[in-house]
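Observations on the model geometry
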Amino acid sequence: MPNASSWSASSPLLLLWEDSSGTRIFLSLLYAVLAISGTLSNVMVIYLVFSFKKLQTTSNAFIVNGCAADLSVCALWMPQEAVLGLLPPNSSSLRSAEYRLLRGGLLGLGLTVSLASHLLVAFNRYVLITKLPSVYQALYQRKHTGCMIGLSWALALLPVPLLPGLWTLGSAQSDGSSRYTALLLALAVLGQTALLLHCYLGIVRRVRGSAKRVSVLNFHLLHQLPFPAAAPPPRRAQRRLSSVSVLLLCCVFLLGTQPLVWVSLLGFFLRPAPPALQAASWLLLCSLSALNPLLYTWRSEEFRRAARSVLPRAEGPAAA
């Protein structure tokens, strides 16, 4: 039976040195399901945006950028993890330094650009809702949008060589460089999360404040009319639904990112977390790559209408 350090150094997420092949098979199937569902959903969003002119907006450009990054995780990295989980721990493929570097590069590039795209989408919506239209148009010209997308990929290429140091987190062979790499990762994700929450909570406050001012104005106008007027249709439920959608997006994002942040901080300042906890935190972060397309499109009527026009439908009297 291989020891903990060798297995954790060769595979960061499948930290399963102590038990049977049943758990490894289960995780391999889980990676396979995430890979298939994430690949299909990301490809579908990219195809819809490029096929329908109404969907070609600045916000959707950042969403497509995130989907392209998520494909490197779902279509390229997750299938490898699904296969490696079925190999014996002493396989030569797991011990190859070049192969580990390739896997680390795919994972680091995809997750970094994906997290940056989350922030770009949030900031785009924040400026659109809270600032003047002239400010939004000046900031999000076509060339500026392209520069933001290109910068997200350029910045993602810088920390890629550092990512393989995270493979040895929690093992007996981990050194100071991997601990500092984990600390930098945790601080970067924590800062990005703070900015994202600031943007979305600012949107919620602005929408609620605007709706409240409109309600007060309508109330005074109704009392000045010379004839009885029917009250305007209530929009409280719609505002509540929009707020719930934003908060749900934030909660899913926090659930996917924060466990890894605090596991990394725990390993740096106190002692390494249990290997199973490290594996779960990484798995939650990587599962965001499969969930991101749904998070940003499930409330959009334009996306739903475009998807219905593309997906095959059953022919029948009702359809006719």
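Residues numbered from 1 in each chain as written. Predicted model: local features only at pLDDT ≥ 70, side-chain atom pairs only at ≥ 80, totals over all residues. Heavy atoms only, no water.

The name that an unreviewed UniProt entry assigns to the protein is GPR88 protein, with the source organism given as Grallaria varia. The annotation that UniProt attaches to the protein under Subcellular location (unreviewed entry) is "Membrane". (UniProt positions renumbered as here; feature names shortened; annotations may be inferred.)

1. Section: the side chain of N60
Examined against the element boundaries, N60 turns out to sit in helix α3 (residues 58–84). A polar contact of 2.6 Å, which involves the side chain of N60, links it to the backbone oxygen of L55. Residue contacts for N60: discarding those within four places in its chain leaves V49, L55 and F303. (Helix = DSSP H or I, 4+ residues; strand = E, 2+ residues; numbered from the N terminus. Polar contact = N/O pair within 3.5 Å; in protein donor to acceptor, adjacent residues only side chain to side chain. Contact = heavy atoms within 4.5 Å.)

2. Notes on the packing of α3 against helix α7 (residues 142–157)
Look at α3 against α7: their axes get within 11 Å of each other, and the N-to-C directions meet at 20°. By the angle between their axes, α3 is roughly parallel relative to α7. Where α3 crosses over α7, the handedness of that crossing is right-handed. Along the contact surface, α3 presents T58, A61, F62, N65, A68 and A69, while α7 presents T145, M148, I149, S152 and W153. Considered class by class, the residues forming the contact of α3 with α7 number 7 nonpolar, 4 polar and no charged. (Axes fitted to C-alpha atoms, helices over the stretch in contact; angles between N-to-C directions. Parallel < 35°, antiparallel > 145°, perpendicular 65-115°, else oblique. Left-handed = near helix turned anticlockwise from the far one by under 90°. Nonpolar A, V, L, I, M, F, W, Y, C, P; charged D, E, K, R; others polar.)

3. Examining the packing of aromatic side chains
One pair of aromatic rings is described through two measures. These are the centre distance and the angle between the planes. For the structure shown, the criterion picks out 3 aromatic pairs. Where F62 meets Y140, the ring centres are 6.1 Å apart and the plane angle is 70°; that geometry is what we call edge-to-face. Remark: Y140 occurs in the loop between α6 (133–139) and α7 and F62 occurs in helix α3; sequence separation between them is 78 residues. One exposure class covers both F62 and Y140, and it is buried. Both rings, one in Y136 and one in Y140, keep their centres 5.0 Å apart while their planes meet at 35°; by these two values the pair is tilted. (Phe/Tyr/Trp six-rings, centres within 6.5 Å; stacked < 30°, edge-to-face > 60°. Buried < 20%, exposed > 50% of the residue type's maximum accessible area, 1.4 Å probe, protein only.)

4. A word on α3
With 27 residues, α3 extends 39 Å from end C-alpha to end C-alpha; this agrees with the ideal 39 Å at 1.5 Å per step. The largest bend in α3 amounts to roughly 35° and is located at W77, with the proline P79 lying one to four residues further along. Along α3, 21 of the 27 residues are buried, which leaves the element largely enclosed by surrounding structure. (Expected span 1.5 Å × (residues − 1). Bend = angle between axes of the 7 residues up to and from the residue.)

5. Observations regarding the UniProt feature "transmembrane region" (unreviewed entry) in the protein
The UniProt record annotates "transmembrane region" (unreviewed entry) at residues 25–50, 62–80, 100–123, 144–162, 182–203, 244–270 and 276–298. With 100% helix and 0% strand, residues 25–50 has end C-alpha atoms that lie 37 Å from one another. Helix makes up 100% of residues 182–203 and strand makes up 0%, while its end C-alpha atoms are separated by 32 Å.

6. A closer look at the nonpolar core
Ranked by internal contacts, the top residues of the largest apolar core, which has 58 residues, are W77, M78, L111, Y200, W282, C286 and Y296. Listed by contribution, the elements that provide at least two residues to this core are α2 (21–51), α3, α5 (97–130), α8 (176–224), α9 (236–269), α10 (275–297) and α11 (301–310). For this core, the leading source of residues is α3, giving 10 residues. Those residues within four positions of Y296 in sequence are excluded, and the remaining contacts are I63, H118, V121, R125, Y200 and L249. (Core = buried A, V, L, I, M, F, W, Y, C linked by side-chain atoms within 4.5 Å.)

7. Details of the pattern of salt bridges
By the definition in use, this model includes 4 salt bridges. E301 is paired through a salt bridge with R308; the nearest N and O atoms lie 3.2 Å apart. The partner of R305 in a salt bridge is E302, and the shortest N-O contact between them spans 3.2 Å. Taken together, the residues span about one helical turn, with R305 and E302 both in helix α11 at a distance of 3 residues. Exposure remark for R305: the relative accessible area of 41% places this residue in the partly exposed category. Several salt bridges share partner residues, and in doing so they unite E301, E302, R304, R305 and R308 into one network. (Salt bridge = Lys/Arg side-chain N within 4 Å of Asp/Glu carboxyl O.)

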